[in-house]
Amino acid sequence: MVTTGLRPRRSAALRLLVVAVALAGALLGGAAPASAHAALTGSTPAQGSVVDQAPEQVALTFSEGVAMGDDSIRVLDPQGKRVDRGKLRNLCSGSTVKYGTGLPPGLRDGTYTVAWQAVSADSHPVSGAFTFSIGAPSKTTAPVAQQEAGGGLVGALYGIARALAYAGFVLLAGGAAFVVTCRPAAARVRSVQRLVVQGWAVLTGTTVAMLLLRTPYTGSGDLSDVFDLGGLQQVLITKPGAALVSRLLLLAAAALFVAVLFGAYARAQEPREDGPGGPDAPADPAEEARRRKDLSFGLGIGGVIVAAGLAATWAMAEHASTGLQPAIAMPVDVLHLLAVATWLGGLAALVVSLYWGPPIERTAVRRFSRIAFGSVLVLVATGLYQSWRQVGTWTALTGTTYGRLLLLKVGLVAVLVGLAWFSRRWTARLTEVRAPEAEAEAADAAEAAEAAVAAPDDEEADVLSEKAVTVPASGTPTGKTARNGVEPAAQPMAAPAVDPTAEPATESATDATADPATEPAAEPAAEPDDPTRAAQLARQRTALRTARTKRLRDADPERLGLRRSVLAEASVAVVLLVVTTVLTATEPARTEEAVKAVSGGQSATANQPQVLTVPFDTGGPGGKGTARLDLDPGRSGNANELRLRISDPKGRAKDVPEVKVEFTLKAKKLGPLTVVPRHTGKGHWRASGVLLPVPGRWQLSLLVRTSDIDQVTEFRNVKIG
C-alpha cells in the first residue's frame, strides 16, 4: 500500500492558517456594505430640479428588477412631514423597471425630499434619497437617515453569514465528494468525518441566521427585528426567502446522505478477515463487492443531486438570476459552484487527512489531483462566461470595483494552480511501501497505544523521547549484534504502511520492525505489582514509540513537501473564498457602467446634493461656531445654489462680518473659483448660479472672519458629478 503522509508538527500548520485567516479578516474588515446591484437610473421630477407646479406623482426608474412595497417611496415636505399617498404604483413596461407614488394636489412651494428603499432582483437591498423643488427651493429640507441599506451591524452580520455559508457548502459537498470518488476508506477517518459534519452544521446555522436577518437587512436595520414574525412572513414569500427555505429542506436530505456515508458506507469499507470461519468473513466476496459498488453508485447519484440543489439556491437568488441571459447563467453558476466545492472542499479533506489522520494512499492523492484538474477546467470555462456577462468591456475590468475584485480573484486562482503544480510534483515522487506483515504489527501497536495513558511521565518520557532511534538495514535494532558478530550499518527505516482506516489516538505506530529471527527469545519483563509504576512504564513505552515514529515520519522529505504545499493551497483557498463572497456583494460592472452612461459619465452617488458641516474656530472672542453648506444639486455644468448657515456652539444662528467660498480642482488645475454669497438673514447666506465646469473631486475652502483680525480658512473635499 502507498502512503502519503503522517502527522507532522502542528505549529507550522497553525501559523500558515493564522496568516490566511488574518488576510481574510482584512478583506472582510475593509469591505464596504453591500453595493447596490440595482441602481436608480432616472426619476420624475429629476433630481435637483425646480418645477413650476406640484407634480401628480413621483416616479423612479431602475437598472434592473426590484421588489418594493407601499412604504418603499416616501416624499417629505421641507418640515419632514410625509405627503405622498402611501400606495405604490407599478409603472413597469417591457424592459423598463419603473415605480412611483402619487402626490396630493395643492402642495406648497419649497424643497421636497424623496427617500426610497427596495430589494434588487439579486437579493441585495438598495436605497437612496434626492430632492426636487416646487416653485423655488426652500431654506430647509427634511433630514434623512444616512445609513445605507444593508449596512451597519446587521449588514456586517449578514455578510459574515454569507461567507460562512459558502465555506460550509464547500466543506460539505467537497469533503463528501473526496470520500466517495477519491478515498472511500476516509469514511472511517474521524478527522474527515468531523470536517464534513461541521460543514453541514455551519451551512445549516448560517442559513437560519440569514433567514432571520433578512427583515432588518432589507428594512429597518435594527437587530431586534430578527424576531419580527410578521417580517419573517413577508420574507418567506420573496425569492431570497424561498431560496433559503429550499436550502434548509435540501440540508435535511444532506443530513441523511451524511448518515449513510459515515454509517453503512463506512462499515462496508472495513477490512474483513477472509480466513475460513473468521468472525468477519463475508458470506460471499462477490456479494460484498457488489454491495460496495451499489452503495458508491447510490451515494454518488444522490450526492450530485443534493449538491446541485444546494448550489441552485444561490443561483436562483443572486447575480445569475437577473440581467443578461439568466436561463443560461443559472445552470452555469451551478456548475461553477460545484467545481469550486469539489476542488476546495476536496483540498480541505486532503489537508486534514495529511495532518490529523492516518496515512493516505498515493493512489488517492493522484485521483484527487486528476479531479481537481478537471474542476479547474470547469472553473475557467464558467468563469469566462460569467466575467463576460457581468463585466462586458475591457475598460470596466479596470475601471470598476467589480472588475478589480475579479482581477484579484483571477490572481488568487493562478497562485492556487501554481501551488497545485508543486503538489503534483511531490505526489509523483512518492514511493511505494508494501509491508503486509508490518501493517498487521502496526495495527496491533496502534491498539496498544490507544489503551495506554496519553500523558507520559515528564522526566522519564523526556529522556526516552530524546534517545536516537535507528534501525539497521538488516532489520536488527541498534545496539544488537548480528549473528556473525559484526554490527551492520544503521540507517533510518521507511515508515511502514498502516491500515488507512485505523486512526490511532496518539501519533504512535509500531516499533516492532525487527526480524524476530535475528533476536534471541527473551522472557517478557514481569509487570510490577504497583499499579502506579505499571502505568508509568506504559506511558514511557508509548512516549518511546511516539518519538521514534515521529522521527521517521519527519525524515521523509517527499511527504513533508507534500504536506506543506497542500497546506499552502488551503491557506490561499481561504482568502479566495472571502474575495468571492465580497465579489458577490458588489455591484456588477455592467450595471455600474450603465448608470454612468445615463448620468453623464459619473456614478449615481456623485449626483447628489452636497451637504457639508464645517466646525471652525478663529481664535478670538466668540470665534467658535459651525458652518453648514448646502450645494444643490451638486452637479457640474448646471447652475448650483449654495446655501450657508453659521451657528454658534449652542446651535443658534450667528452673523459674522465676512464669509467667502472657493472651489479648486487640482487634478485639472482649475480654480480657485470664488463665490461670495449674499447675506439673506441672520446667520444665513445664499449664492445662485454657482457653476462648476467639470465633474471631479473639488476642494472647497471656506473663509470665516469674526472680527477685524480674527479669521480662519477651513478646507473640505466635495465630489461633483
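Here the residue numbers are simple positions, counted from 1 along each chain's written sequence. With the structure being a predicted model, the display of local features is reserved for residues of pLDDT at least 70 and the display and counting of side-chain atom pairs for 80 or more, all residues being used for whole-chain, interface and lining totals. Excluded from the side-chain calculation are hydrogens and water; included are all heavy atoms of the structure.

K.L.:
Explain the packing of helix H2 (residues 152-182) against helix H5 (residues 239-261) residue by residue, including any values.
P.N.:
Direction vectors running N to C along H2 and H5 enclose 30 degrees, while the axes themselves pass 12 Å from each other. Two packed elements cross with a definite hand, and for H2 against H5 that hand is left-handed. Every residue of H5 that contacts H2 at Ala165, Leu172, Ala176, Val179 and Val180 is listed here: Arg247, Leu251, Ala254, Phe257, Val258 and Leu261. Under the convention adopted here, Pro, Cys and the residues Ala, Val, Leu, Ile, Met, Phe, Trp and Tyr are nonpolar, Asp, Glu, Lys and Arg are charged, and Gly plus all remaining residues are polar. Residues that form the contact of H2 with H5 fall into these classes: ten nonpolar, no polar and one charged. In this analysis, axes come from line fits to C-alpha atoms, helices being fitted only over the stretch in contact, and the angle between any two N-to-C directions falls in the range 0 to 180 degrees. Strands are runs of DSSP state E lasting at least 2 residues, helices are runs of H or I lasting at least 4, and numbering of each runs from the N terminus. Each crossing is labelled by how the near helix is turned from the far one, with a counterclockwise turn of less than a right angle marking it left-handed and a clockwise turn marking it right-handed. Only heavy atoms enter the contact rule, under which two residues are in contact if any of them lie within 4.5 Å.

K.L.:
Before we move on, can you summarise empty space enclosed by the protein with the specific residues and values?
P.N.:
If a probe the size of a water molecule is rolled over the atoms, the empty space left behind becomes visible. Lining residues are defined by having an atom within 4 Å of a point belonging to a cavity or pocket. Those points lie on a 1 Å grid over the protein atoms alone, cavities being sets where a 1.4 Å probe fits but cannot get out and pockets being open sets with protein on both sides within 12 Å along at least five of seven lines. Grid points are joined across faces, edges and corners, and a volume is the space filled by probe spheres set on the points. Applying the stated criterion across every chain, the model contains three cavities of 30 Å³ or more. By volume, the second largest cavity is sized at about 120 Å³. As for the second largest cavity, its lining consists of 14 residues, of which Ser123, Tyr158, Met210, Ala317 and Glu318 are closest to the centre. For the lining of the second largest cavity, the element with the most residues is H5, which contributes four residues.

K.L.:
Tell me about the sheet that holds strand S7 (residues 97-102), residues and numbers included.
P.N.:
Paired strands, as defined in this entry, are two strands with at least two bridges between them according to DSSP. Judged by pairing direction, the sheet is antiparallel, and its four strands sit side by side in the order S1-S3-S7-S6 without closing on themselves. Two strands lie at the open edges of the sheet, namely strand S1 (40-44) and strand S6 (88-90), each paired on one side alone. Neighbour-to-neighbour, the strand axes of the sheet open up by a mean angle of 25 degrees, direction not taken into account. Here strand S3 (residues 57-62) pairs with S7 via six bridges, running antiparallel.

K.L.:
Quick one: what's the story with the nonpolar core, residue by residue and with numbers?
P.N.:
Buried Ala, Val, Leu, Ile, Met, Phe, Trp, Tyr and Cys residues that are joined via side-chain atoms within 4.5 Å together make up what is termed a nonpolar core. Between buried and exposed lies partly exposed: a residue is buried under 20% and exposed over 50% of the maximum accessible area for its type, with that area taken using a 1.4 Å probe on protein chains only. In terms of nonpolar packing, the biggest core is built from 80 residues, with Phe169, Leu172, Phe178, Leu203, Leu261, Leu344 and Leu350 touching the most fellow members. In terms of residues, this core owes the most to one element, helix H8 (residues 326-356), which gives 16 residues. Ignoring any residue separated from it by four or fewer positions in sequence, one finds leucine 344 in contact with Val170, Leu416, Ala573 and Leu576. Val614, Val661, Leu692 and Leu700 belong to the second largest nonpolar core, which has 26 residues in total.

K.L.:
Give me the lowdown on the side chain of arginine 686, citing residues and values where you can.
P.N.:
Examined against the element boundaries, arginine 686 turns out to sit in strand S18 (residues 684-691). In this structure arginine 686 touches Pro137, Ser138, Lys139, Glu641, Leu642, Arg643, Pro677, Arg678 and Thr680, once residues within four positions along its chain are discounted.

K.L.:
If you had to explain the pairing of S7 to someone new, which residues and values would you point to?
P.N.:
Burial analysis of S7 places five of its six residues in the buried class, the great majority of the element. Hairpin connection of S6 to S7: six residues between the antiparallel strands, including glycine 94 at a positive phi of 65 degrees.

The values reported here are purely geometric and, on their own, carry no functional implication.
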